[in-house]
Amino acid sequence: HGDSRAADRKVDSVCPYCGVGCQLTYHVKDDRILFVEGRDGPSNQNRLCVKGRFGFDYPNHPARITRPLIRKAGVPKGLDPAFDPAAPLTHFREASWDEALDMAADGLKRLKVEHGPAALAGFGSAKCTNEEAWLFQKLVRTGFGTNNVDHCTRLCHASSVAALMECIGSGAVTASFMQAEKADVVILTGCNPAINHPVAATFFKQAAKRGTRFIIIDPRGQSLDAYAHLSVRFTPGSDVSLFNALLNVIVTEGLFDEAYVAQHTEGFEALKAHVAPMTPEAMSGACGVDPATIREVARVYATAERAMIFWGMGISQHTHGTDNARCLISLALACGQIGRPGTGLHPLRGQNNVQGASDAGLIPMVLPDYQPVADAQVRAAFEELWNTPLDDQPGLTVVEIMHAIHDGTIKGMYIQGENPAMSDPDLAHARSALAQLEHLVVQDLFVTETAQFADVILPASAWPEKDGTVTNTNRQVQLGRAAVPMPGEARTDWWIIQEIARRFDLDWHYDHPRDVFAEMKQGMPSLDHISWERLEREASVTYPCPADDEPGADVVFSDAFHTESGRASFSPTLPLPPDEPIDAEYPVVLTTGRQLEHWHTGSMTRRAQVLDDLEPEAVATLAPAEMRRLGVEPGSALTITTRRGSITLSVRTDPGMPEGMVFVPFCYAEAAANILTNPALDPFGKIPEFKYAACRLSAAKAS
Ligand code: SF4
């Protein structure tokens, strides 16, 4: 970099995007970020992917809102195709903070008085800090008086957490992804780390080069297949059939770890009986994998000295997502592949702070640290800490809240940094719910698709503008630091939440996120031996941490599990079809996900210049043979139709795609994938089936 690009200061922080949690340094000149460099953090060792390196300029986008906005009288709620988010004063008027905060709080308070606390709900954000997540759920619970508080974990790993809590008593990973380098065998299933966790993928590639054997199990091919010992493609939606067949081989061939099972688990005899009929021959037709391959995968995993399983949303985003995760847990427990270096279970977390936001209590059925709201002792402890009585009923989840708006139960919402008008399944239903709300307060950086339904919009802080802690997929708590000032009258999220709380007559006096962190430590044993000062000094501490001078446990459950008996349990599962199987009318499987360059609903990355230049338009991917069948060329327009709607977008070929499947990223508002998706929920994790919907495809004229 030449002199003209010389920074006048450098600020150490953390990447705002995925759950890998790469540490970085902002190089700042004249209060603007010039460029970003990776730091030597435990999860990135100086590396960054394209999002971390180039996705830093979205806070300066011309559409950034810098003053509170109030909907103009008479402007109907909804997505107006003529609305320009960069010129929002056609639909909204500017207001002072006092007027906007009073209006935001008064509308919610009025609904509480008229209809009771259950008429309100809040979505917090996994893009915000732990302190902001803590304050948000505290406001909903103590101010609104309800547990109707949730966030995007419901759309990514809620089913994984449900299974992990049930079987091993803890919803976080049992070992960091760096442990892959100590493993002899690694299974990656339902994940595509080179796209979604790119720096974690570099650790996997290193491990493969050093001799770790990777088994990649997925309906789609991916670039990491080039590093794999085995790549197993299976029929979409048949995960449970395949995993039960693996368990059958492990049981019938005596490959399980008898001593481990006897000492650390319960329920193995029932599992053995359950999987007995599910031989590879019996399940091969359903899962599309030949019996010999099933046997080989089972043998390689079970006989490894050290083996790990990583999974992503290909596992969790199904109506049988919890069953999928239960199967993976059973595999690890049966083979004793947990609790030692190079072993373990690792659901790769998506957002930079989805682990921390979940830990901090942005979940309707549990208080912070996953302590059930229905437990009177737990409630009593938080009532004492917060000096307020708490609701004893678990609240509603993300998709349930949309249904409750439609049935008239929920009438007012506070949405901080989430974009359900893009991220929820069956968007026609979700958007009509948002339009039906009597009062909606949205706190964000831009007039997002969701903010277009708001009565009041509160201009919040971007990640490089605030201090706070975040917790990555490895359970590493890290410190983000403000590098640049907020524009105009934008405010930090924690300040805004506190101002709303005060208007609910809550006696809050936080002067800095470190005050909030100190309170969190009183309700969250997971933060024992982790202090704000320590994070300022050390930059990263892993929980659980046994002492002030220990780095924290990279691998957990070496002796006992977090269950009453200290033992883990097996949870047998039965194969179930997807909620909406393909048929003659809708013969193709639609699956959705992310692209390397874009993140979630695109509210940040599509406003980052380099990233948007790299991937500027909505695109679907198909197998080459599927393209030929449809008579479409790369770049031509494709229409995708499901029972819920239709979108048209550009098409691209991907040799990793199986025939009979189309992949659509969900970040493009102009062709929103979730117009198509199925809102059916997993009964345990309440997660929608984003990974499987029946659709039909047709060539369309380019628009
Ligand atoms: Fe950021 Fe994730 Fe990329 Fe790291 S891998 S730079 S955390 S998006």
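These remarks concern the structure in this document. Here the structure is a predicted model, which is why all the values come from computation and not from measurement.

What follows is about the overall build of the protein chain. Looking only at helices and strands, the protein chain has 24 helices and 30 strands in total. Scaling as 2.2 N^0.38, a compact globule of 703 residues should have a C-alpha radius of gyration of about 27 Å, and the protein chain matches this with 24 Å. Viewed in the frame of its principal axes, the protein chain has a C-alpha envelope of about 70 × 65 × 60 Å. Counting all 703 residues of the protein chain, 65% fall into the buried class. The contacts of the protein chain with a sequence gap of at least 6 include a subset with a gap of at least 24, amounting to 74%. Summed over its atoms, the accessible surface of the protein chain is roughly 23,500 Å², and 51% of this surface lies on carbon and sulfur atoms.

Next up on the list: the pattern of salt bridges. One pass over the structure, following the stated rule, counts 36 salt bridges. Between Asp493 and Lys466 there is a salt bridge, with the nearest N and O atoms lying 2.9 Å from each other. Residue Asp493 is located in helix H20 (residues 493–503), and its partner Lys466 is located in the loop between strand S18 (456–459) and strand S19 (468–471); the two are separated by 27 residues in the primary sequence. On the accessibility criterion, Asp493 (2% relative accessible area) is buried. Where salt bridges share partners, they join Asp98, Asp102, Glu499, Arg502 and Arg503 into one cluster.

For the rest of this paragraph, the subject is helix H14 (residues 321–334). With 14 residues, H14 extends 20 Å between its outermost C-alpha atoms, agreeing within 8% with the 20 Å of an ideal straight helix rising 1.5 Å per residue. In terms of burial, H14 is largely enclosed, as 14 of its 14 residues are buried. Gly336 occupies a position one or two residues after H14 and carries a positive phi of about 60°.

Take the sheet that holds strand S8 (residues 185–189) next. Strands sit in the order S10-S9-S8-S12-S13 across an open sheet of 5 strands; the sheet is parallel. Each edge of the open sheet is held by one strand with a lone partner, namely strand S10 (230–232) and strand S13 (344–347). The average angle at which neighbouring strand axes cross in this sheet is 15°, direction not considered. In this structure, S8 lies alongside strand S12 (residues 307–311), joined through 5 bridges in parallel fashion.

Turning our attention to the side chain of Thr473. The topology assignment puts Thr473 in the loop between S19 and strand S20 (476–480). On the accessibility criterion, Thr473 (1% relative accessible area) is buried. Among the polar contacts listed, one links the side chain of Thr473 to the backbone oxygen of Pro347, at a separation of 3.5 Å. In this structure Thr473 touches Gly19, Val20, Val173, Phe177, His346, Pro347, Leu348 and Arg349, once residues within four positions along its chain are discounted.

Here S13 shows a buried face lined by Gly344 and His346 and a second buried face lined by Leu345 and Pro347. When S12 meets S13, the two strands line up parallel, connected through 4 bridges. Each bridged residue has a counterpart across the sheet, and for Trp311 the counterpart in S13 is Pro347.

Within the element layout of this structure, Thr174 appears in the loop between helix H5 (158–168) and S8. The exposure class assigned to Thr174 is buried, which follows from its relative accessible area of 1%. Apart from residues no more than four positions distant in its own chain, Thr174 is found in contact with Ile168, Ile338, Gly344, Leu345, Arg475, Asp554, Val555, Val556 and Phe557.

Here is what the cut-offs are and how they apply
- Residues numbered from 1 in each chain as written.
- Predicted model: local features only at pLDDT ≥ 70, side-chain atom pairs only at ≥ 80, totals over all residues.
- Heavy atoms only, no water.
- Helix = DSSP H or I, 4+ residues; strand = E, 2+ residues; numbered from the N terminus.
- Rg over C-alpha atoms; globule rule 2.2 N^0.38 Å.
- Buried < 20%, exposed > 50% of the residue type's maximum accessible area, 1.4 Å probe, protein only.
- Contact = heavy atoms within 4.5 Å.
- Areas by Shrake-Rupley, 256 points an atom, 1.4 Å probe, with all protein chains shown as cover.
- Salt bridge = Lys/Arg side-chain N within 4 Å of Asp/Glu carboxyl O.
- Expected span 1.5 Å × (residues − 1).
- Pairing = 2+ DSSP bridges.
- Axes fitted to C-alpha atoms, helices over the stretch in contact; angles between N-to-C directions.
- Polar contact = N/O pair within 3.5 Å; in protein donor to acceptor, adjacent residues only side chain to side chain.

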